[in-house]
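# Structural characterization, general
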Amino acid sequence: STMNVVDNAVEITEDGVYLISYFADGAVATGDYEVSLYLNGAPVTNEVLAFSGTTGLGSKTVLLSLSAGDSVALYNTSAETATLSGASLTLLKLA
């Protein structure tokens, strides 16, 4: 299916079950580094890349039922600004 990018989020155009994979590689100056998957502007429960320390590299994959008009995004949810070396968000409609 076709998807759009609007305001730094992937906008879903068709209802369905989606395989969502996300990756982040980054750092913060102090504290713990954390990146979260968001759906419609709110964090998805238990979908956080959390690292004990200032740097981290990781990925996760989740299946979600989404509706047309939903938006999916990654956000830095650390207590401070993060520097990203890389990040990706991949969505594949399965059904």
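A few points on the structure. Keep in mind it's a predicted model, so treat the numbers as computed, not measured.

Looking at chain direction, strand E2 (residues 9-11) and strand E7 (residues 71-76) are connected through two bridges and run antiparallel. Residue pairing for E7: Val-10 is matched across the bridge by Val-72. Note: strand E4 (residues 33-39) against E7, five bridges, orientation antiparallel. The partner of Leu-39 across the bridge, within E7, is Val-72.

Turning our eyes to something else, we now look at the sheet that holds strand E1 (residues 4-6). Neighbouring strands of a sheet are bound in pairs by backbone hydrogen bonds; such pairs are parallel or else antiparallel. The strand order across the open sheet formed by five strands is E1-E2-E7-E4-E5, and the pairing between neighbours is antiparallel. Edge positions in the open sheet fall to E1 and strand E5 (42-51), since each of these has one partner strand only. With direction set aside, neighbouring strand axes in the sheet form an average angle of 25°. In this structure, E4 lies alongside E5, joined through six bridges in antiparallel fashion. If you follow Glu-34 over to E5, its bridge partner there is Ala-50.

Attention now goes to the side chain of Asp-70. Considering the arrangement of structural elements, one finds Asp-70 in the loop between strand E6 (55-66) and E7. Among buried Asp, Glu, Lys and Arg side chains, Asp-70 stands out as unpaired, with Lys-93 the closest opposite charge at 12 Å. Looking at Asp-70, its side chain comes within polar contact range of the main-chain nitrogen of Ser-67, at 2.8 Å. Other than its neighbours up to four places away in sequence, Asp-70 contacts Val-10, Glu-11, Ile-12, Leu-39 and Asn-40.

Analysis parameters
- Residues numbered from 1 in each chain as written.
- Predicted model: local features only at pLDDT ≥ 70, side-chain atom pairs only at ≥ 80, totals over all residues.
- Heavy atoms only, no water.
- Pairing = 2+ DSSP bridges.
- Helix = DSSP H or I, 4+ residues; strand = E, 2+ residues; numbered from the N terminus.
- Axes fitted to C-alpha atoms, helices over the stretch in contact; angles between N-to-C directions.
- Buried < 20%, exposed > 50% of the residue type's maximum accessible area, 1.4 Å probe, protein only.
- Lys, Arg positive; Asp, Glu negative; His and termini not counted.
- Salt bridge = Lys/Arg side-chain N within 4 Å of Asp/Glu carboxyl O.
- Polar contact = N/O pair within 3.5 Å; in protein donor to acceptor, adjacent residues only side chain to side chain.
- Contact = heavy atoms within 4.5 Å.

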